[in-house]
Structure formats: structure tokens, C-alpha cells
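Residue-level structure breakdown
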Amino acid sequence: MSGEITEIGNTNIEIIEDKTLELTFIVHGESHGICNALRHNLMKNPDVEYAVYNIDHPLTGEPEMTIKTKRGKRPRIVLKQAAEELLEETDELKKLIEDNM
């Protein structure tokens, strides 16, 4: 569904194109930090062929990300898994900082 808005954590994503093995979406209100971390987690998944993002303008652009999965794996599922892993990692980092400050 094009134009669909989905919330992952506190981040809204807008689905641009949703195919069987490829998902393209805009990550509203985010920049390189979140997108690069998410891309990194996606690329660790053996079911992901590639995950890339682009920001047209560094000051005003919003990241557009594309995920391509291997046969039989839905991009929405691997996106959700990668986002959940990222949330767990940030929670662990936050706890580590709080415990040592």
C-alpha cells in the first residue's frame, strides 16, 4: 500500500512501494544515525539481499530506505525484526550508561 503510515517505536515510516521481496519507505523525522544503524541490523540478517537508504538533501531531506529480501522472506517482517533489535540495543546502551554514571 503506497502512502501507508506505520509506527515503529517512536518513528513513523511511510510506505512508498511494497512488493513481495522489496519494500521502499520514508523514515519521517530521522537522519543518518537511525537509518545507518537500522541498515546495519538489516544487513546482518541472512534473508536480506540488500538494505540501502538515501537522503536527497542533508538539511531538509528525509531518508528513503529500500529493503530487498531473498526468496520467501517478506521485507516488512525483517524490518520489524531489525527495528526490535535496534530498540533492544539502545535499551542495553542506556542501561550501561545509567549504571556507570
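Summarised in this report is the structure supplied together with it.

Here is what the cut-offs are and how they apply
Residues numbered from 1 in each chain as written. Predicted model: local features only at pLDDT ≥ 70, side-chain atom pairs only at ≥ 80, totals over all residues. Heavy atoms only, no water. Helix = DSSP H or I, 4+ residues; strand = E, 2+ residues; numbered from the N terminus. Expected span 1.5 Å × (residues − 1). Buried < 20%, exposed > 50% of the residue type's maximum accessible area, 1.4 Å probe, protein only. Core = buried A, V, L, I, M, F, W, Y, C linked by side-chain atoms within 4.5 Å. Contact = heavy atoms within 4.5 Å. Polar contact = N/O pair within 3.5 Å; in protein donor to acceptor, adjacent residues only side chain to side chain.

Concerning helix α2 (residues 75–99)
Helix length check: α2, at 25 residues, gives a terminal C-alpha distance of 36 Å against a target of 36 Å (1.5 Å per residue), a fit within 8%. Of all the residues in α2, the buried ones are P75, V78, L79, A82, A83 and L86.

Section: the nonpolar core
Grouped together as the largest cluster of nonpolar side chains are 19 residues, with contacts concentrated most on F25, L38, L42, M65, I67 and L79. Of all elements in the fold, only β2 (11–18), β3 (22–28), α1 (32–44), β4 (48–54), β5 (64–69) and α2 reach the threshold of two or more residues within this core. Here the element with the most residues in this core is α2; it accounts for five residues. Those residues in contact with F25 that sit more than four places away from it in its chain are I13, E14, I15, I16, P63, E64, M65, I67 and L79.

Here we look at the environment of Y50
Within the fold, Y50 resides in strand β4. Spatially, the C-alpha atoms of Y50 and G33 are 18 Å apart, while their sequence positions differ by 17 residues. Beyond its immediate sequence surroundings of up to four residues, Y50 is in contact with E22, M43, T66, I67 and K68. Within the structure, Y50 has its side chain in polar contact with the side chain of E22 (distance 3.2 Å).

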